[in-house]
Amino acid sequence: MPTLVNYSGDDELYPGGSFCSSPMELGRLYSTIGSNLDLYYPPNKRPRSILEAIEGEQHYQEPGIEVLPDECLFEIFRRLPGGKERSLCACVSKRWLMLMSSICKDEIERTTSFAETVFPDENQDIECDGYLTRCLDGKKATDVRLAAIAVGTSSRGGLGKLSIRGSNSVRGVTNLGLSAVAHGCPSLRSLSLWDVSSIGDEGLSQIAKGCHMLEKLDLSHCSSITNKGLIAIAEGCPNLTTLNMESCPNIGNEGLQALAKLCPKLQSISIKDCPLVGDHGVSNLLSLASNLSRVKLQALNITDFSLAVICHYGRAITNLVLSGLKNVTERGFWVMGAAQGLQKLVSLTVTSCRGVTDKSIEAIGKGCINLKQMYLRRCCFVTDSGLIAFAKAAVSLESLQLEECNRFTQSGIIVALSNIKTKLRSLTLVKCSGVKDIDMELSMLSPCESLRSLAIQKCPGFGSSSLAMIGKLCPQLRHLNLTGLYGITDAGLLPLLENCEAGLVNVNLSGCWNLTDNIVSALARLHGGTLEVLNLDGCMKITDASLVTIANNCLVLNDLDVSKCAITDAGIAVLSRASLLSLQVLSLSGCPDLSNKCLPFLTILGQSLIGLNIQNCNSISSSTMEMLVEKLWRCDILI
């Protein structure tokens, strides 16, 4: 028997189609509808004679229920005894479905039938707090499907989370579909609308009227929603804690002000590329919403005034993201730090902001005394002197990530590391083209004993001498990521490996194509007792010799990636015979020298594997791969 909850057919329900699997079900439903029908469709006048009755039977055909107006059907449907019967009725036609979806939960008349009296547990609707989740993408997003979901889940408390991404180009989601959700899902807690231009203020207002438990609202590229819709949400959803808005050109300061006044539980807000949002909206939001702890402002027309308000009123803010603020100057960022109002700030991310300079970043380091994570991306006006000053001032800093900051040099990074003596645990450099090898005297510099994780990715100027200095300054490294450093050699990496006293646990050398078996041998010999993850993807000079050393020395290794390496069947055979090795994940993607002969060895390894990647191994036939999949049915295999 089909139900709306599991409905997966076409969007258009076939009018008059069969929806009961047995005559018994059909009869039960007919008796239910018929008993209610008598209330609104009175019987014909009683015949005066048998002949009249016979003639009436011959010449008069009783009209069907479809001739009733919507008002009468509405009254019938709201008197149905349970969610099962309502779902069955909704399957009859699109008209019935849309009528069912327009019935609010509090409009359903609660009646007790004979069946409910005898079998109460079998006929009672299942109520819950709305933890069901549905996501509609593209052509699946239609009003009919939304109505079917709303009706089908209403007897189980309705949806708790709904996400609509895109819309059907012919029969897309409109305010009507969102109204159906508002009527049938009063427990809705999270609503995401992405790229749905056909939904406007009316649909959002219906959600505000019917879903007072809403906690999270995510609006992206919703051009038809204005301040009016956001004000309705503020008035109807006082439990709102999270608001995300991106590319909503018609929502501005008035909507934000209403949220700040009427939603006292608001904790997280993200606003990106909304041209009508300015200083007035952001300042009202920050000054009135005292519980805000997470704030993200991206590509907005705000000035230094907004940053001054943030540092003055944002005393509860722990996470702050500022990106693409072209009208904010050095003064705004300097005030944000100098005012010392962001005492609880733990994480700060700044991207593509010209106002971040040496002076402002030093003030942030001094004023945000509990700052633990700092992420700078494309901040081209910060130099070595600013980085060093920030490192000295940020006494609680634990993680520093610098991406595409091209005015930093090797000297600035080395001196900054030396000035952070007790807290810093993670340093990440990504695409910093200003870092180049130079000779420096390290005798006057103090080591950074706290650093545990170092990632230097795609910095082409970072070479062997830089690695040697890092190794001397950071003896307690446990995690090392040198992705894309194609210029480093065995001789340059060896001093760093020799200086890591704590024992490396995770090593990523992906794309370092000048490394050979010699450095893998040294790595296995020096850190085989602690090494758990090793990535050699793209190291084309790595051969079976490296697998021999790994098999003999790496006792706790569980994740090995030798994709696009010069590995053969013989190397896999060595791994399969290693009694102390217990790999869980093995990646062999793009190894051209592997053939069908590796099947028995991979089968042995598969006893412990949970993940195997043999994509683009062109010398392994499809039949061999199918046999492998059959034998290693517990393993997730990419072929």
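All of these numbers come straight from a predicted model, not from anything done at the bench.

1. Topic: the overall build of the protein
Regarding its fold elements, the protein presents 25 helices and 20 strands. Within the protein, buried positions represent 53% of all 639 residues. Look at the contacts in the protein between residues 6 or more apart in sequence, and 82% of them connect residues 24 or more apart. When the accessible surface of the protein is split by element, carbon and sulfur atoms take 52% of a total near 29,000 Å².

2. A few points about the environment of Gly-484
Position of Gly-484 among the secondary structure elements: in the loop between strand 14 (479-481) and helix 20 (490-499). For Gly-484 and Val-430, which are 54 residues apart along the polypeptide, the C-alpha to C-alpha distance reads 10.0 Å. Excluding anything up to four places from it in sequence, Gly-484 contacts Lys-458, Ser-510 and Gly-511.

3. Notes on the packing of helix 22 (residues 544-553) against helix 23 (residues 569-577)
What describes two packed helices is the angle between their axes and the distance between those same axes. It is at 9 Å that the axes of helix 22 and helix 23 come closest, and there the two elements cross at 5°. With respect to helix 23, the axis of helix 22 lies roughly parallel. Between helix 22 and helix 23, the contacting residues are Asp-544, Leu-547, Val-548 and Ala-551 on the first element and Ala-570, Gly-571, Ile-572, Val-574 and Leu-575 on the second. Here the contact of helix 22 with helix 23 is composed, by residue class, of seven nonpolar, one polar and one charged.

4. So, the packing of aromatic side chains
Inspection of every chain in the model, using the stated rule, returns one aromatic pair. Residues Tyr-486 and Trp-513 carry aromatic rings whose centres are separated by 5.0 Å and whose planes lie at 10° to one another, so their mutual orientation is stacked. Linking Tyr-486 in the loop between strand 14 and helix 20 with Trp-513 in the loop between strand 15 (506-508) and helix 21 (517-527), this pair joins segments that are 27 residues apart in sequence. Its relative accessible area of 38% is what places Tyr-486 among the partly exposed residues. If you follow Arg-165 out to its NZ or CZ, it ends over the ring of Trp-194, 4.1 Å from the centre. If you follow Lys-359 out to its NZ or CZ, it ends over the ring of Trp-334, 5.8 Å from the centre.

5. Section: the side chain of Ser-360
The residue Ser-360 is located in helix 16 (residues 358-367) in this model. Ser-360 gets classed as buried once you look at its relative accessible area, which sits at 0%. In contact with Ser-360, other than residues within four places in its own chain, are Glu-330, Phe-333, Trp-334 and Gly-355.

6. Digging into the confidence of the model for the protein
The predicted coordinates ought not to be read in detail in places where the model reports low pLDDT. When pLDDT is averaged along the protein, the result is 82; 77% of the residues meet or exceed 70. Low confidence marks residues 1-23, where pLDDT is under 50. Its contacts with residues over four positions away, or in another chain, come to 50 contacts.

7. Points about the pairing of strand 2 (residues 159-165)
Across a regular strand the side chains alternate sides, sitting on one face of the sheet and then on the other. Counting buried positions over the seven residues of strand 2 gives five, a clear majority of the element. One ladder, built from six bridges, connects strand 1 (residues 132-137) with strand 2; its direction is parallel. Across the sheet, residue Asp-137 finds its bridge partner in strand 2, namely Arg-165. Where strand 2 lies against strand 3 (residues 190-194), five bridges are found, and the strand directions are parallel. Opposite Lys-161, over in strand 3, you have Ser-190 as the bridge partner.

8. Some points on helix 9 (residues 175-184)
Taken across its 10 residues, helix 9 has nine buried, putting it largely inside the fold. For helix 9, the complete set of buried residues consists of Asn-175, Gly-177, Leu-178, Ser-179, Ala-180, Val-181, Ala-182, His-183 and Gly-184.

9. Re a nonpolar patch on the surface
Residues Tyr-486, Trp-513 and Met-540 make up a contiguous nonpolar surface patch of roughly 330 Å² in combined accessible area. The residue Met-540 is located in the loop between strand 16 (533-535) and helix 22 in this model.

10. Concerning the pattern of salt bridges
The full count for this structure, using the stated rule, is seven salt bridges. Salt-bridge contacts for Glu-404 lead to Arg-377; the nearest nitrogen and oxygen are separated by 3.9 Å. With Glu-404 in the loop between strand 11 (399-403) and helix 18 (410-419) and Arg-377 in strand 10 (residues 373-377), this residue pair connects regions lying 27 residues apart in the sequence. According to the relative accessible area criterion, Glu-404 is partly exposed, its value standing at 22%. Taking relative accessible area as the criterion, Arg-377 reaches 22% and is therefore assigned partly exposed. Salt-bridge contacts for Arg-378 lead to Glu-404; the nearest nitrogen and oxygen are separated by 3.5 Å. Pair noted here: Arg-378 is in the loop between strand 10 and helix 17 (384-393) and Glu-404 is in the loop between strand 11 and helix 18, with a separation of 26 residues, a long-range link. By relative accessible area, Arg-378 is classed as partly exposed at 39%.

11. Section: helix 13 (residues 279-288)
The buried fraction of helix 13 amounts to seven of the 10 residues, a majority that puts the element mostly inside the structure. Asp-279, Gly-281, Val-282, Ser-283, Asn-284, Leu-285 and Leu-286 are the residues of helix 13 that are buried. Looking at the buried side of helix 13, the elements it contacts are helix 12 (253-262), strand 6 (268-272), strand 7 (294-298) and helix 14 (304-313).

12. Brief notes about empty space enclosed by the protein
Summed over the entire model, instances satisfying the criterion amount to three cavities of 30 Å³ or more. Estimated volume of the second largest cavity: approximately 40 Å³. Taken together, Leu-387, Leu-400, Leu-402, Ile-413, Ala-416, Leu-417, Ile-420, Leu-424 and Leu-427 make up the full set of residues lining the second largest cavity. Mapped onto the lining of the second largest cavity, the elements with two or more residues apiece are strand 11 and helix 18. The element contributing the most residues to the lining of the second largest cavity is helix 18, with three residues. Looking at the lining of the second largest cavity, its residues break down into nine nonpolar, no polar and no charged.

13. Notes on unusual backbone geometry
Even without being glycine, Arg-378 reaches a positive phi, approximately 55°. Residue Glu-404 is not a glycine yet carries a positive backbone phi of 55°.

14. Section: the pairing of strand 5 (residues 242-246)
In terms of burial, strand 5 is largely enclosed, as four of its five residues are buried. In this structure, strand 4 (residues 216-220) lies alongside strand 5, joined through five bridges in parallel fashion. Bridged to Leu-219 within strand 5 is Met-245. Crossover strand 4 to strand 5 through helix 11 (residues 227-236) is right-handed. Relative to strand 6, strand 5 is paired through five bridges, and the arrangement is parallel. Bridge pairing in strand 6 links Asn-244 to Ser-270.

15. Some points on the packing of helix 10 (residues 201-210) against helix 11
Interhelical geometry of helix 10 versus helix 11 gives an angle of 0° and a closest axis separation of 8 Å. Relative to helix 11, the element helix 10 lies roughly parallel. Residues Asp-201, Leu-204, Ser-205, Ile-207 and Ala-208 of helix 10 lie in contact with helix 11, whose contacting residues are Lys-228, Gly-229, Leu-230, Ala-232, Ile-233 and Gly-236. Broken down by class, the residue content of the contact of helix 10 with helix 11 amounts to six nonpolar, three polar and two charged.

What counts as what
Residues numbered from 1 in each chain as written. Predicted model: local features only at pLDDT ≥ 70, side-chain atom pairs only at ≥ 80, totals over all residues. Heavy atoms only, no water. Helix = DSSP H or I, 4+ residues; strand = E, 2+ residues; numbered from the N terminus. Buried < 20%, exposed > 50% of the residue type's maximum accessible area, 1.4 Å probe, protein only. Contact = heavy atoms within 4.5 Å. Areas by Shrake-Rupley, 256 points an atom, 1.4 Å probe, with all protein chains shown as cover. Axes fitted to C-alpha atoms, helices over the stretch in contact; angles between N-to-C directions. Parallel < 35°, antiparallel > 145°, perpendicular 65-115°, else oblique. Nonpolar A, V, L, I, M, F, W, Y, C, P; charged D, E, K, R; others polar. Phe/Tyr/Trp six-rings, centres within 6.5 Å; stacked < 30°, edge-to-face > 60°. Lys NZ or Arg CZ within 6 Å of the ring centre and 35° of its normal. pLDDT = per-residue confidence, 0-100. Pairing = 2+ DSSP bridges. Patch = residues over 30% accessible without salt bridge, like charges linked within 9 Å, V, L, I, M, F, W, Y side chains within 5 Å. Salt bridge = Lys/Arg side-chain N within 4 Å of Asp/Glu carboxyl O. 1 Å grid on protein atoms, 1.4 Å probe; cavity = no way out; pocket = protein on both sides within 12 Å on 5 of 7 lines; lining within 4 Å. Points joined across faces, edges and corners; volume = space filled by probe spheres on them. Right-handed = clockwise from strand over helix to strand, strands pointing away.

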